[in-house]
Amino acid sequence: MKIKSVMVVGAGQMGAGIAQVHAQAGFDVVLHDLDDDSLNRGMAGIRKNVSRQVEKGRLTAEEMEAVIARITPSTALEQAAGADIIIEAIVENMTSKTALFAELDHLAPPHTILASNTSSLPITEIAAATKRPEKVVGMHFMNPVPVMKLVEIIRGLATDDDVYETVAELAGRLQKTAVEVNDFPGFVSNRVLMPMINEAIYTVYEGVASPEAVDEVMKLGMNHPMGPLTLADFIGLDTCLFIMETLHEGFGDDKYRPCPLLRKYVKAGWLGKKAGRGFYIYES
């Protein structure tokens, strides 16, 4: 199947980025959220990102306006009826996702692929909420979407081969690199990344070193562009905790036990950069 029309559900940072890269690749995109305020914020973020490309000489002003014009903001989920693929980018909560997928399954035509941008939740369980599990797939973009080249494509238990091939081909049209992953907690990216971040938090919790020292060791010694604690602050410590809990529950292995200091920071509201404070303090 050739993808021509795209719907993205969720106009937050990830959803807006996903809509942007599709529009830049020439697709007509419906960007859905529950209210106009959320859509306006999402569209403002897209315009800001694309404007930067004009400033850097990568796009003309006319090309920027053409990209924006391909995105239709909408609060009407019924527009799922016109989409060849629908990419969900809502809150990382299984109850919310399964309820949405059940509704999309009812609204979308039989040929429509239903994809989730989940970073850790099982695709097989999401697919079970629909009557088309063979057409449900994970399409996990990295943040920030316009910059990062990787897309993890996760096969659920029932995902058809042709659905995987269609989504992999779509990723190529977005100038992304698709990597095939099977449906295990955390997939590859977060199964490897989050325990490293969690262990970095343990080194602070146990008094081995300060956050600054941990980050310097990983940057200078391991050639990481960003230290794990700075990265955790950028991801959001609440998100890091959620993924560690998903890994712990999914595998039943205490090596994935979230560090108590991570739990304490989340309970304190120290969620990282978005909250102004995490392992570091940020100016508003």
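Per-chain numbering applies: the sequence of each chain, read as written, is numbered from 1 onward. Only residues with pLDDT of at least 70 are given local features in this predicted model, and only at 80 or more are side-chain atom pairs given and counted; all residues enter the totals for whole chains, interfaces and linings. No hydrogens and no water enter the side-chain calculation; it runs on all heavy atoms of the structure.

With an unreviewed UniProt entry as reference, the protein chain is termed 3-hydroxybutyryl-CoA dehydrogenase, source organism Halalkalibacter oceani. For the record of the protein chain, the UniProt heading Pathway (unreviewed entry) holds the text "Lipid metabolism; butanoate metabolism." UniProt positions are given in the numbering used here, feature names are shortened, and annotations may be inferred rather than shown by experiment.

1. Things to note about the overall build of the protein chain
Under the scheme used here, helices are H or I runs from DSSP no shorter than 4 residues and strands are E runs no shorter than 2 residues, and both carry numbers assigned from the N terminus. Secondary structure assignment for the protein chain yields 11 helices and 8 strands. Atoms counted for the radius of gyration: C-alpha only. Globule rule: 2.2 Å times the number of residues to the power 0.38. Computed over its C-alpha atoms, the radius of gyration of the protein chain comes to 19 Å, within 12% of the 19 Å expected for a compact globule of 284 residues. Projected onto its principal axes, the C-alpha positions of the protein chain cover 55 × 45 × 35 Å. A 1.4 Å probe rolled over the protein chains alone gives each residue an accessible area, and that area as a share of the maximum for its type sets the label: buried under 20%, exposed over 50%, partly exposed in between. When each of the 284 residues of the protein chain is scored for burial, the buried share is 49%. Two residues qualify as a contact provided that any one of their heavy atoms is within 4.5 Å of a heavy atom in the partner residue. Of all intrachain contacts in the protein chain linking residues separated by at least 6 positions in sequence, the fraction that spans at least 24 positions is 67%. Working note: accessible area of the protein chain is about 13700 Å², and carbon and sulfur atoms make up 53% of it. The sign given to each residue is positive for Lys and Arg and negative for Asp and Glu; His and the chain ends receive no count. Note that the charge is assigned to NZ on lysines, CZ on arginines, CG on aspartates and CD on glutamates. Measuring between centres, the 27 positive side-chain charges of the protein chain sit 4 Å from its 37 negative side-chain charges. Note on areas: Shrake-Rupley, 1.4 Å probe, and residue coverage restricted to the protein chains presented here.

2. Some details on the packing of aromatic side chains
Put simply, two rings from Phe, Tyr or Trp (the six-membered ring, in Trp's case) pair if the centres are within 6.5 Å, and we call them stacked under 30 degrees between planes, edge-to-face over 60, tilted for the rest. Taken as a whole, this structure holds 5 aromatic pairs when the rule is applied. One aromatic cluster is present, built from ring pairs that chain together Y265, W270 and F279. A positively charged side chain is recorded as over a ring if its NZ (Lys) or CZ (Arg) lies within 6 Å of the ring centre. The angle to the ring normal must also be within 35 degrees. Over the face of the ring belonging to W270 we find R277, whose NZ or CZ atom lies 3.7 Å from the ring centre.

3. Quick notes on the UniProt feature "domain: 3-hydroxyacyl-CoA dehydrogenase C-terminal" (unreviewed entry) in the protein chain
Taking the numbering used here, the UniProt-annotated feature "domain: 3-hydroxyacyl-CoA dehydrogenase C-terminal" (unreviewed entry) corresponds to residues 186–282. Across residues 186–282 one finds 63% helix and 0% strand; the C-alpha atoms that close the span lie 28 Å apart.

4. Description of the packing of helix α7 (residues 189–205) against helix α11 (residues 260–268)
Relative placement of two packed helices is described by the angle separating their axes and the distance separating the axes. Look at α7 against α11: their axes get within 8 Å of each other, and the N-to-C directions meet at 90°. Judged on the interaxial angle alone, α11 and α7 are roughly perpendicular. Between α7 and α11, the residues in contact are N198, I201, Y202, V204 and Y205 and P260, L261 and L262, respectively. Split by residue class, the contact of α7 with α11 holds 7 nonpolar, 1 polar and no charged. Note on definitions: angles span 0 to 180 degrees between N-to-C directions of axes, and those axes are lines fitted to C-alpha atoms, for helices only across the stretch in contact. Any angle from 65 to 115 degrees is called roughly perpendicular, while one under 35 is roughly parallel, one over 145 is roughly antiparallel, and all others are oblique. Think of it as three bins: nonpolar holds Ala, Val, Leu, Ile, Met, Phe, Trp, Tyr, Cys and Pro, charged holds Asp, Glu, Lys and Arg, and polar takes everything else, Gly as well.

5. Notes on unusual backbone geometry
Each neighbour pair has its own omega, and for N143 with P144 the value is 0°, a cis peptide bond. If you trace the backbone, P144 turns up in the loop between β6 (136–141) and β7 (150–155). In the Ramachandran plot, Q175 falls in the positive-phi region, its phi being about 65° despite a non-glycine side chain. As for its position among the elements, Q175 is in the loop between α6 (161–173) and β8 (177–182). Look at Q175 and you get exposed, because its relative accessible area is 60%.

6. Remarks on the pattern of salt bridges
For salt bridges, the criterion is a side-chain nitrogen of Lys or Arg within 4 Å of an Asp or Glu carboxyl oxygen. Scanning the entire structure with this criterion turns up 11 salt bridges. For the salt bridge of R155 with E180, the shortest nitrogen-to-oxygen distance reads 2.5 Å. Within this pair, whereas R155 is found in strand β7, its partner E180 is found in strand β8, the two being separated by 25 residues in sequence. We classify E180 as partly exposed; its relative accessible area is 43%. Linking E216 and K219 is a salt bridge whose minimum nitrogen-to-oxygen distance equals 3.1 Å. Of this pair, E216 and K219 both sit in helix α8 (residues 211–222), 3 residues apart, which is roughly one turn of that helix. Here the salt bridges share partners, and the residues they tie into one network are K2, E169 and R173.

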